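Residue-level structural notes
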Amino acid sequence: MERLATLEDLPTEYVEALTAKNLVPLWPSLRDVLPPYTPKPRTQATAWKYQDIRPLLMQAGELTPIEKAERRVLVLANPGHTLDNMRATSIMYLGMQLLLPGEWAPSHRHVPNAVRLIVEGNGAYTSVDGEKCEMERGDLILTPSGMWHEHSHDGDSEVVWLDVLDLPLVYYSETSYVEEGEKVKGEHESNPKIYGPGLVATENFQRNDTIEYPILRYPWVDTKKSLESIAAGKDVDMVQVTYVNPETGQDAQKIIGFSAIMLRPNEVLRLPRRSCAIIFHIIEGDVVVDADDVRHELIASDTSCAPCFANITLTNQNDTPAFIFVADESPFQKKLGLYSERPRTDV
Ligand code: GTQ
């Protein structure tokens, strides 16, 4: 491709005359915004070790009372986007949130979609539009756009979870805002809309309700059991389940996709090269993540991300299985016609 003229090739007075009228020449930036053949991601393959996060998060618990934080979160920021942008990838936000015994993170609702993946502790729960969702390690809890949510803690140990939000996308599109809910802790019941595979509350069924988000809590015990039964099959290439909305069979949320991978003992899994960035969070076991020439050795509760079109290989070097929670941008990209796959370049 032809090398194009730069800003320096233009007379200073001309550039100043453009600037004064809010005009910009395209050609000096054309190859940046339309790079030849492959996107140039700012997202860097980055890992956040839980052993680094945990002491600093506990310190936040001492330094900042929950009333002064509302959400006591350390953001897992990708240096490629600069830290103040609070992005793990271009459209995904990650945060580690701490709730101490007896604390309450008050009710609010906002435009960005959120999920929680529970990392540590017992006795906390998130209430989503009045439905009480217990938080056990490895559980996935949805708080989709516009749904009221508050976090409470009746247990006696610290509770930590990973927040995954589409906040960077929503913020960039200038649609992000929050509404404050009741100032008092709500009384909530476990009242799931769906009680098991193929079972729905008759009340909803008779009213012919379409429930937009029929499942808000996906317990880890069930996810793990599903993975193990897939792994027990013959000739299975990849042991992975996707979190879906059972009403539609589509992704559980609209913008970020969620799944879980089981790496069998000593398994080496080479992922397809895809146009979306990806996040890995280790639930159990040890995993070596290679993304092109960057290697991260992760253990339970560690988190990493890889940019679009990376050649990603996941390796389990142990004689016991490993379990990984995965978030990616594929629902967003597929809905907008941006998604593609390419052959690996490391074969
Ligand atoms: O728990 O509602 O990490 O509103 C960022 C924004 C968590 C939450 C975050 C939020 C929340």
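Residues numbered from 1 in each chain as written. Predicted model: local features only at pLDDT ≥ 70, side-chain atom pairs only at ≥ 80, totals over all residues. Heavy atoms only, no water.

Glancing now at the overall build of the protein. If you tally the helices and strands in the protein, you get eight helices and 25 strands. In terms of principal-axis extent, the alpha carbons of the protein reach across some 70 × 55 × 50 Å. For the protein, with 347 residues in total, the buried portion stands at 46%. Sequence-distant contacts in the protein: of pairs separated by 6 or more residues, those separated by 24 or more amount to 74%. Surface exposure of the protein reaches about 18,200 Å², of which carbon and sulfur atoms provide 52%. (Helix = DSSP H or I, 4+ residues; strand = E, 2+ residues; numbered from the N terminus. Buried < 20%, exposed > 50% of the residue type's maximum accessible area, 1.4 Å probe, protein only. Contact = heavy atoms within 4.5 Å. Areas by Shrake-Rupley, 256 points an atom, 1.4 Å probe, with all protein chains shown as cover.)

If you walk through the whole model with that rule in mind, you get 17 salt bridges. When the shortest N-O distance is used, the salt bridge between Glu180 and Lys183 registers 3.1 Å. Exposure remark for Glu180: the relative accessible area of 57% places this residue in the exposed category. Looking at Lys183, the relative accessible area reads 63%, which means it is exposed. The partner of Glu212 in a salt bridge is Lys254, and the shortest N-O contact between them spans 2.9 Å. Placement of Glu212 in the loop between α6 (202-206) and β14 (217-218) and of Lys254 in the loop between β15 (239-242) and β16 (257-263) is noted, with a sequence separation of 42 residues between them. Among the residues examined, Glu212 registers a relative accessible area of 49% and is labelled partly exposed. Residue Lys254 is classed as partly exposed on the basis of its relative accessible area, which comes to 43%. When salt bridges that share partners are traced, they join Arg54, Glu120 and Glu158 into one network. (Salt bridge = Lys/Arg side-chain N within 4 Å of Asp/Glu carboxyl O.)

Turning to the pairing of strand β21 (residues 294-298), a few remarks are in order. Sheet topology note: the strand β20 (residues 287-291)/β21 ladder contains five bridges and is antiparallel. When the bridges of β21 are listed, Val287 appears paired with Leu298. As consecutive antiparallel partners, β20 and β21 are separated by two residues, and within that stretch Asp292 has a phi angle of approximately 50 degrees, a positive value. (Pairing = 2+ DSSP bridges.)

Let's shift gears to the sheet that holds strand β8 (residues 140-143). If you walk across this open sheet you meet the six strands as β2-β3-β10-β5-β8-β14, and the pairing is antiparallel. Lying at the two open borders of the sheet, with one neighbouring strand each, are β2 (73-75) and β14. For β8 and β14, the ladder comprises two bridges, and the chain directions are antiparallel. By the bridge assignment for β14, Leu140 is matched with Tyr218. Its contacts with the sheet place helix α3 (residues 50-63) against β2, β3 (93-99), β5 (114-120) and β10 (159-165), and it is angled at close to 50 degrees to β3. (Axes fitted to C-alpha atoms, helices over the stretch in contact; angles between N-to-C directions.)

Taken together, four strands build an open sheet; the order of strands is β17-β23-β20-β21 and the sheet is antiparallel. Sheet topology places β17 (268-270) and β21 at the edges, where each strand pairs with a single neighbour. Here the strands of the sheet are splayed against their neighbours by 15 degrees on average, with no regard to which way each runs. Here β20 pairs with strand β23 (residues 312-315) via four bridges, running antiparallel. If you follow Ala291 over to β23, its bridge partner there is Ile312.

Taken together, the neighbourhood of the ligand is formed by Arg71, Val73, Tyr93, Gln97, His108, His110, Arg116, His149, His151, Asp163 and Leu165. Here Tyr93 contributes a side-chain N or O atom positioned 2.8 Å from an oxygen atom of the ligand. Contact between the ligand and His149: an oxygen atom at 2.9 Å from a side-chain N or O atom of the residue. Protein burial of the ligand: of its 290 Å² of free accessible surface, 89% is covered by the chains. (Near = heavy atom within 4 Å. Polar contact = N/O pair within 3.5 Å; in protein donor to acceptor, adjacent residues only side chain to side chain.)

Another aspect to go through is the environment of Asn316. Positionally, Asn316 belongs in the loop between β23 and β24 (322-328). Spatially, the C-alpha atoms of Asn316 and Val287 are 5.1 Å apart, while their sequence positions differ by 29 residues. Not counting residues up to four positions away in its chain, the partners in contact with Asn316 are Leu263, Arg264, Pro265, Asn266, Glu267, Asp286, Pro321 and Ala322. A distance of 3.0 Å separates the side chain of Asn316 from the backbone nitrogen of Asn318, its partner in a polar contact.

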